[in-house]
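# Per-entry structural report
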Amino acid sequence: MASRHERRPHQRRPDDKEIAQQRGVYGVYRRIAPGSVPIIGEAIEALAPEVQNAGRLFSPDSVTVTVVGFSRFSPRHIRKGPKTRDVVERVGSLCEEMPAVLGSLAVFGSGNNYKLSFNLDSDRLKLEEYELADTFEDLGGQMLPCNNEAGVYMPHLSVAKLQTDHVGFFEDERTLDRLNSIVEASIGRAILLQPINHDTI
């Protein structure tokens, strides 16, 4: 029998992300519909010479749009809140394609995670985010404000992750004006976002 004075092996407590994975708590993201991928591809190709030495461009078919990101979940939500699948199944619009229009480029993010993104114009997407966040809370979840200065949902489609020492350059209004002129043909174009497949959640 082990002495009561003997130390038990230290067991590392799982962090929030590990607990979330075990419980099925994760953010909700929409992928770009196949027919809209070439539109995003054209814009990324046009931006490549401007971004390739200051960040990492995303592959057009890997781009997603955040509806409710993981950063919106409080620690209590991660440990005791509803599973994401249970919430998604209650929001009917997630089963359908979602239209959106590409807006101007801007920089989104915080800390070490800044991205060059197109603003998205879609009242339906904003309504979907509201309904999704509301349903999370109705089922006992706890949602945090969006991680931006306004604290509100601002739909956007990221095309590149920026190196932190280049963020200031890309946030400069003159830089953004020049980049927006480069992708002028893409701004105002309509795209479709894929529905969420409940069977793969």
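Keep in mind that this is a model prediction, so the values were computed, not measured.

Each value, and the rule that gives it
- Residues numbered from 1 in each chain as written.
- Predicted model: local features only at pLDDT ≥ 70, side-chain atom pairs only at ≥ 80, totals over all residues.
- Heavy atoms only, no water.
- Salt bridge = Lys/Arg side-chain N within 4 Å of Asp/Glu carboxyl O.
- Helix = DSSP H or I, 4+ residues; strand = E, 2+ residues; numbered from the N terminus.
- Buried < 20%, exposed > 50% of the residue type's maximum accessible area, 1.4 Å probe, protein only.
- pLDDT = per-residue confidence, 0-100.
- Contact = heavy atoms within 4.5 Å.

Next up on the list: the pattern of salt bridges. Summed over the entire model, instances satisfying the criterion amount to eight salt bridges. Of the charged contacts in the structure, one is a salt bridge between Glu50 and Arg178, with a shortest N-O distance of 2.5 Å. Remark: Arg178 occurs in helix α7 (residues 173–182) and Glu50 occurs in helix α2 (residues 37–51); sequence separation between them is 128 residues. You can call Glu50 partly exposed: its relative accessible area is 29%. Using a relative accessible area of 35% as the deciding quantity, one classes Arg178 as partly exposed. Here Arg72 ties to Glu129 by a salt bridge, and the two come within 3.0 Å at their closest N and O atoms. With Arg72 in the loop between β3 (64–68) and α3 (75–80) and Glu129 in helix α5 (residues 123–138), this residue pair connects regions lying 57 residues apart in the sequence.

Time to look at the confidence of the model for the chain. Taken residue by residue, the chain gives an average pLDDT of 91. The fraction at 70 or more is 93%. Confidence scores differ between elements of the chain, with helix α1 (residues 16–23) showing the lowest mean pLDDT of 90 and strand β7 (residues 190–193) the highest of 98.

This paragraph deals with the environment of Arg90. Structurally, Arg90 is set in the loop between α4 (84–88) and β4 (98–110). Residue classification places Arg90 among the exposed residues on the basis of a relative accessible area of 58%. Taking the C-alpha atoms as reference, Arg90 lies 7.6 Å from Thr135; in sequence the two are 45 residues apart. Here Arg90 is in contact with Thr135 and Leu139, once residues within four sequence places are set aside.

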